Amino acid sequence: MSYTRLLDSISGLLQVASLLGLLLLLFKAAQFYHHRQWLLKVLQQFPCPPLHWLFGHKYEFQNDQELQQLMKLVEKYPRACPRWLWGSQVMVLIYDPDYVKVILGRSDPKSLDTYRFLAPWLGYGLLLLNGQTWFEHRRMLTPAFHYDILKSYMRIMVNSVQLMLDKWEKLSSQDSSLEIFQHISLMALDTIMKCAFSYEGSVQLDGNSQSYIQAVEDLKNLTFSRVRNMFHQNDIIYSLSSEGRRASRAAQIAHEHTDRVIKMRKTQLQDEAELEKIKKKRHLDFLDILLFAKKEDGSRLSDEDLHAEVDTFMFEGHDTTASGFSWILYALATNPQHQQRCREEVQSLLRDGTSITWDHLDQMPYTTMCIKEALRLYPPVPVVGRQLSKPLTFPDGRSLPKGIKVSLMFYGLHHNPKVWPNPEVFDPFRFAPGSDRHSHSFLPFSGGARNCIGKQFVMNELKVAVALTLLRFELLPDPTRIPVLITRIVLKSTNGIHLYLRKLQQS
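Residues numbered from 1 in each chain as written. Predicted model: local features only at pLDDT ≥ 70, side-chain atom pairs only at ≥ 80, totals over all residues. Heavy atoms only, no water.

For the rest of this paragraph, the subject is the nonpolar core. The nonpolar side chains of soluble globular proteins are, as a tendency, buried together. With 154 residues, the main nonpolar core has Ile-94, Trp-168 and Phe-197 as its most contacted residues. Other than its neighbours up to four places away in sequence, Ile-94 contacts Arg-79, Ala-80, Tyr-99, Val-100, Ile-103, Phe-394, Val-406, Ser-407, Leu-408 and Met-409. (Core = buried A, V, L, I, M, F, W, Y, C linked by side-chain atoms within 4.5 Å. Buried < 20%, exposed > 50% of the residue type's maximum accessible area, 1.4 Å probe, protein only. Contact = heavy atoms within 4.5 Å.)

Time to look at the packing of helix 16 (residues 303-333) against helix 20 (residues 455-472). Contact geometry of helix 16 with helix 20 gives a least axis separation of 10 Å together with a crossing angle of 40°. Relative to helix 20, helix 16 is oriented oblique. The chirality of how helix 16 crosses helix 20 is right-handed. Mapping the contact onto sequence places Thr-321, Gly-324, Phe-325, Ile-328, Leu-329 and Leu-332 in helix 16 and Val-458, Glu-461, Leu-462, Ala-465, Val-466, Thr-469 and Leu-470 in helix 20. (Axes fitted to C-alpha atoms, helices over the stretch in contact; angles between N-to-C directions. Helix = DSSP H or I, 4+ residues; strand = E, 2+ residues; numbered from the N terminus. Parallel < 35°, antiparallel > 145°, perpendicular 65-115°, else oblique. Left-handed = near helix turned anticlockwise from the far one by under 90°.)

With respect to topology, four strands assemble into an open sheet ordered 1-2-7-4, the strand pairing being mixed. Edge positions in the sheet fall to strand 1 (80-86) and strand 4 (383-387), since each has one partner strand and no second. Sheet twist, expressed as the average angle between the axes of neighbouring strands with direction ignored, equals 30°. Bridge analysis of strand 4 against strand 7 (residues 405-409) gives five bridges, and the strand direction is antiparallel. (Pairing = 2+ DSSP bridges.)

If you add up the space inside the second largest pocket, you get close to 360 Å³. In terms of lining residues, the second largest pocket is bounded by 19 residues, among which Lys-58, Phe-61, Gln-62, Arg-228 and Asn-229 are the most central. Elements with a contribution of two residues or more to the lining of the second largest pocket: strand 1 and helix 11 (210-227). (1 Å grid on protein atoms, 1.4 Å probe; cavity = no way out; pocket = protein on both sides within 12 Å on 5 of 7 lines; lining within 4 Å. Points joined across faces, edges and corners; volume = space filled by probe spheres on them.)

So, about the environment of Ala-308. Note on placement: Ala-308 falls in helix 16. Look past the residues within four positions of Ala-308 in its chain and what remains in contact with it is Leu-122, Gly-123, Tyr-124 and Gly-125.

The strand order across the open sheet built from three strands is 3-11-8, with neighbouring strands paired in antiparallel fashion. Whereas interior strands pair on both sides, the edge strands pair on one side only; in this sheet they are strand 3 (178-179) and strand 8 (473-477). On top of the sheet, helix 16 reaches strand 8 and strand 11 (498-503); it is set at about 80° to strand 8, its chief contact. In the packing of helix 20 onto the sheet, the strands contacted are strand 8 and strand 11, and the crossing angle to strand 8 comes to about 95°.

Okay, the packing of aromatic side chains next. The geometry of an aromatic ring pair is captured by two quantities: the separation of the ring centres and the angle between the planes. The full count for this structure, using the stated rule, is 15 aromatic pairs. Judged by centre distance (5.7 Å) and plane angle (80°), the rings of Phe-197 and Phe-286 are edge-to-face. You can see Phe-197 sitting in the loop between helix 9 (181-196) and helix 10 (203-206) and its partner Phe-286 sitting in helix 15 (residues 286-292), a full 89 residues away along the chain. Residue class for Phe-197 comes out buried when judged on its relative accessible area of 1%. Grouped by ring-pair contacts, the aromatic residues Phe-145, Phe-197, Phe-286 and Phe-313 constitute a single cluster. Its end group placed over the ring of Trp-84, Arg-36 keeps NZ or CZ at 5.1 Å from the ring centre. Directly above the aromatic system of Trp-420 lies the positively charged group of Arg-376, at a separation of 5.4 Å from the ring centroid. (Phe/Tyr/Trp six-rings, centres within 6.5 Å; stacked < 30°, edge-to-face > 60°. Lys NZ or Arg CZ within 6 Å of the ring centre and 35° of its normal.)

What follows covers empty space enclosed by the protein. All chains considered together, the criterion is met by three cavities of 30 Å³ or more. Computed from the structure, the second largest cavity encloses a volume of approximately 50 Å³. Lining of the second largest cavity is provided by Asp-64, Gln-65, Glu-66, Leu-67, Phe-224, Leu-485, Ile-486, Thr-487 and Arg-488. Ranked by the residues each element gives to the lining of the second largest cavity, the list is headed by strand 9 (residues 485-488), at four residues. Tallied by class, residues from the lining of the second largest cavity come to four nonpolar, two polar and three charged. (Nonpolar A, V, L, I, M, F, W, Y, C, P; charged D, E, K, R; others polar.)

Position of Gln-252 relative to the elements: it lies in helix 13 (residues 242-268). Judged by its relative accessible area of 47%, Gln-252 is partly exposed. A C-alpha to C-alpha distance of 42 Å links Gln-252 and Phe-46, two positions 206 residues apart in sequence.

Take the side chain of Arg-430 next. Mapped onto the fold, Arg-430 is located in the loop between helix 19 (410-414) and helix 20. What makes Arg-430 buried here is its relative accessible area of 12%. The residues touching Arg-430, leaving out its near neighbours within four places in the chain, are Glu-373, Arg-376, Trp-420, Pro-421, Asn-422, Pro-423, Val-425, Ser-435 and Arg-437.

Read these as spatial facts, not as claims about activity.
Set out below in structure tokens:
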């Protein structure tokens, strides 16, 4: 009898559990329906392509064709267009300078629904922080990019670029094109480690950082994949998946690299002579600022904050530069008349064989115009996201409520034919002195308060690298390997960036 009662009790509990589960499911379905209806209503001012009720525009953006699909939206839907990921997940794509100006003039936080996926790798440094903590870190780190500091980095930049070009000289004798992005990534990492982190070795020679470069590539691809997979939004489910385990291993490799850099600098600072050098400096390097920094309450940065800023700047300080420089060389290779004019300008500056110096950087106007035009065509960071902290109204009267996620599509902005006539044509005279353009039509380093903190560092490095490369090589495209553009946090190519390098005869 007692056994029968037990079975009846279990059966009753299962029925109650089933009923509760069904009620919860119905509640969630009703919640989903009402939120989706609200979104459709508030976004009705912004037309978009037809969408599936569950999968949104998933099938509109397939097979690494996102940028190509974006340009179709730019042409068809002026200024902005909602993109539905799935269910009630939607972001408003913005590619109009007036719209972009409004958003960058505000202090909306990063969209954590997306950016939080970077946290296990980068932690909460300048890229992911919001609010007062972000402001305090930004103010603390800004002196690392003071004029005097940047000027002292010139010799390091020159040496790192020359080392890469020496390698290219050996490889260019082969009768085949060279994939340049991997070489440039190592060069950019070499530069940032020596400039910002006081690294005394050479990652281009010792080979110890190749695993870090590969880990970064894996993490970018895995993050991109996760953002677009509705089943990988949950942290627990993702951690149990094969991609989640790969991301965890890659993040560990990246952290081991930055941990070594921090430990090496701490060891150096135990030397009295090194400490004396630090005390005599008017401005400290990036890592030294972090190691000696004190918050407003007098406490030092926590290890977690220290590692987050180092992980963030180690990545952003080399990968965006590598993307920018690679695409600049590709743009010059495909526009030989502009390449030659840049070369002649550089040769006229350095005709006596002297190396490029700080004073030369402002004496290359045409080369600078070409660099900017290449960054317009190929912005290193094609998109950034925000989540509206309060309602906003755009200049044309259309509005968005609090909570909506927006994506500032810099690639779409830079290729918008209503902003840039003949946008696919390489025309450096768009950036000639006195040329008229919208203040927010060209944003290779974003804009507003959250613009790239190291943008002047990057521009200096790009000028040095372009000048020295053009002195030694003629660049030609490989017509059999035309790059296919994709977004992986930075702008990349699915098949790499291949160029032929012809060694120039030194006069």
